Amino acid sequence: MKTQIIAEIAQAHDGSVGILHSYIDVLAKAGVDAVKFQTHIAEAESSAHEPFRVRFSRVDQTRFDYWKRMEFSASQWKEIKDHCDEVGVEFLSSPFSIAAVDLLESLGMRRYKIASGEVTNDLLLTKIAETKKPVILSSGMSTWEELERAFHFFNKQGIDTSVLQCTTMYPTPAERLGLEIIAELKRRFQCKVGFSDHSGTIVSAIAARSLGAEILEFHAVFDKRMFGPDAASSLTIDEIQELVENVRFLDRAFDHPVDKNDVERYKESKKMFGKSLAVRKDLPEGHVLTFDDLESKKPEGYGIPARDFRIVLNKKLRRSISKYSFLNYEDIA
């Protein structure tokens, strides 16, 4: 099974379509499967009353101003989608309004990522469900009841639905990752599950893959000191490349289960490293063997197998035997 690796640019472009295109190129070279965006249309999704999640901006007076600065035109979004197609990565985005879904539909979106803050937004969920396209639900701010309600809403309509364990903390400390929830998601939903990471380290996603995550998502940034609300909880391009290499290594490992009883390939090595019984001191004929008389020496096959040492205890020697010589069946009475 090949893990789906999704790198999210989100607002790391800081409103620059040129920087955004730079991200697409480097992320494609890093080997990710999809590049994820957030499609914001300020007038449709926000208002002057929306507070900042993190008061980070010196150039935006309100959160609405920030979303306005993060917008791109329909033609720019088409160029972004085309660029993803050209470099062989999936174009994926989270819509935050009905208008955003309409825009994304015009681009030919393959599937939708639903941000955790939208899981209870039935209006938006209904709009997305009308497309009949696969969805990925992020569970960050959701209770089990809210998550199950959204999952079954899509599932009952025959829509392919995946669920990601996510913690809405930026960055997420180890104590709040919730890696154990991956197994619970599999048990509850019987669907493809994954992990959306905000820890700012590759360790979390690698651990999630080992625990059965089939989708990995994380934020991307050129440098963690850059401007923006998500920089500290993101991975740099070098970290992403390292993460991809490690996850692909695990993919190969899990795709090739090992039969511990199939040791034919180790046949010669087992002989080489196997041990035969020997004696650890000069012993005379007629000596009664004890545990303290015995040693084990490589290779296998030159004396009684070391694992069978118990059969020689309290047996008499038929001949004298010198220190560190192999002990064979014919040597004991």
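Within any chain, residue numbers begin from 1 and follow the written order of that chain's sequence. Restriction of local features to residues with pLDDT of at least 70 applies here, the model being predicted, together with a cutoff of 80 or more for giving and counting side-chain atom pairs; totals for whole chains, interfaces and linings are based on all residues. With hydrogens and water stripped out, all remaining heavy atoms of the structure feed into the side-chain values.

- Under an unreviewed UniProt entry, the chain has the name N-acetylneuraminate synthase and belongs to Pseudochryseolinea flava.

Looking at the packing of aromatic side chains
Part 1 of the reasoning: Stacked, edge-to-face and tilted are the three classes for Phe, Tyr and Trp ring pairs, Trp counted by its six-membered ring, which pair at centre distances within 6.5 Å; planes under 30 degrees apart are stacked, over 60 edge-to-face, the rest tilted. With the rule as written, the count across this model stands at 11 aromatic pairs.
Part 2 of the reasoning: On the numbers, 4.0 Å between centres and 20° between planes, the contact of Y23 with F222 is stacked. Of this pair, Y23 sits in helix α1 (residues 17-30) while F222 sits in the loop between β8 (215-219) and α10 (237-254); the two residues are 199 residues apart in sequence, bridging distant segments of the chain.
Part 3 of the reasoning: Looking at F222, the relative accessible area reads 33%, which means it is partly exposed. By the criteria applied, helices consist of DSSP H or I runs no shorter than four residues and strands consist of E runs no shorter than two, each listed in order from the N terminus. For every residue, the accessible area obtained with a 1.4 Å probe (protein chains only) is divided by the maximum for its type, and the residue is called buried under 20%, exposed over 50%, and partly exposed between those limits.

Topic: the UniProt feature "domain: AFP-like" (unreviewed entry) in the chain
Part 1 of the reasoning: UniProt positions are given in the numbering used here, feature names are shortened, and annotations may be inferred rather than shown by experiment. Within this structure's numbering, the places UniProt gives as "domain: AFP-like" (unreviewed entry) are residues 276-333.
Part 2 of the reasoning: Span residues 276-333 is 0% helix and 14% strand, its end C-alpha atoms 18 Å apart.

Some words on the packing of α1 against helix α4 (residues 74-87)
Part 1 of the reasoning: Interhelical geometry of α1 versus α4 gives an angle of 15° and a closest axis separation of 10 Å. Our classification of the angle between α1 and α4 gives roughly parallel. By crossing handedness, the relation of α1 to α4 is classed as right-handed. Seen from α1, the contacting residues are V17, L20, H21, I24, D25 and A28; seen from α4, they are Q76, E79, I80, H83, C84 and V87. Here an axis means a line fitted to C-alpha atoms, over the contact stretch when the element is a helix, while the angle between two N-to-C directions is reported on a 0 to 180 degree scale. In these notes the angle categories are as follows: under 35 degrees is roughly parallel, over 145 is roughly antiparallel, 65 to 115 is roughly perpendicular, and the rest is oblique. Rotating anticlockwise by less than a right angle from the far helix to the near helix defines a left-handed crossing, while the corresponding clockwise rotation defines a right-handed one. Here, residues are in contact when the closest pair of their heavy atoms is within 4.5 Å.

Let's talk about the pairing of strand β9 (residues 276-279)
Part 1 of the reasoning: The side-chain alternation of β9 yields two buried faces, one formed by S276 and A278 and the other by L277 and V279.
Part 2 of the reasoning: With 4 bridges connecting them, β9 and strand β10 (residues 294-297) associate as antiparallel partners. In the sheet register, A278 faces β10, and the bridge partner there is E295. For two strands to be treated as a pair, DSSP must find at least two bridges joining them.

Some points on the pattern of salt bridges
Part 1 of the reasoning: Whenever Lys or Arg places a side-chain nitrogen within 4 Å of a carboxyl oxygen from Asp or Glu, that contact is recorded as a salt bridge. Scanning the model with the defined rule gives 24 salt bridges in all.
Part 2 of the reasoning: With a shortest N-O distance of 2.6 Å, D122 and R149 are connected by a salt bridge. On the criterion of sequence distance, the pair formed by D122 in helix α6 (residues 122-129) and R149 in helix α7 (residues 144-155) is long-range, its members being 27 residues apart.
Part 3 of the reasoning: A salt bridge links K224 to E239; the nearest nitrogen and oxygen atoms lie 3.2 Å apart. Placement of K224 in the loop between β8 and α10 and of E239 in helix α10 is noted, with a sequence separation of 15 residues between them.
Part 4 of the reasoning: The class for K224 is partly exposed, based on a relative accessible area of 28%.
Part 5 of the reasoning: Salt bridges here are not isolated pairs; linked through shared partners, they connect K2, D33, R209, R248 and D251.

Let's talk about the environment of I240
Part 1 of the reasoning: Looking at the element boundaries, I240 is found in helix α10.
Part 2 of the reasoning: According to the relative accessible area criterion, I240 is buried, its value standing at 0%.
Part 3 of the reasoning: C-alpha of I240 to C-alpha of E146: the two residues are 94 residues apart in sequence and 32 Å apart in space.
Part 4 of the reasoning: The contacts of I240, once residues within four sequence positions are left out, are L27, A30, V32, F218, A220 and L235.

Quick word on the environment of G228
Part 1 of the reasoning: Summarising the element assignment, G228 is placed in the loop between β8 and α10.
Part 2 of the reasoning: C-alpha of G228 to C-alpha of Q11: the two residues are 217 residues apart in sequence and 7.1 Å apart in space.

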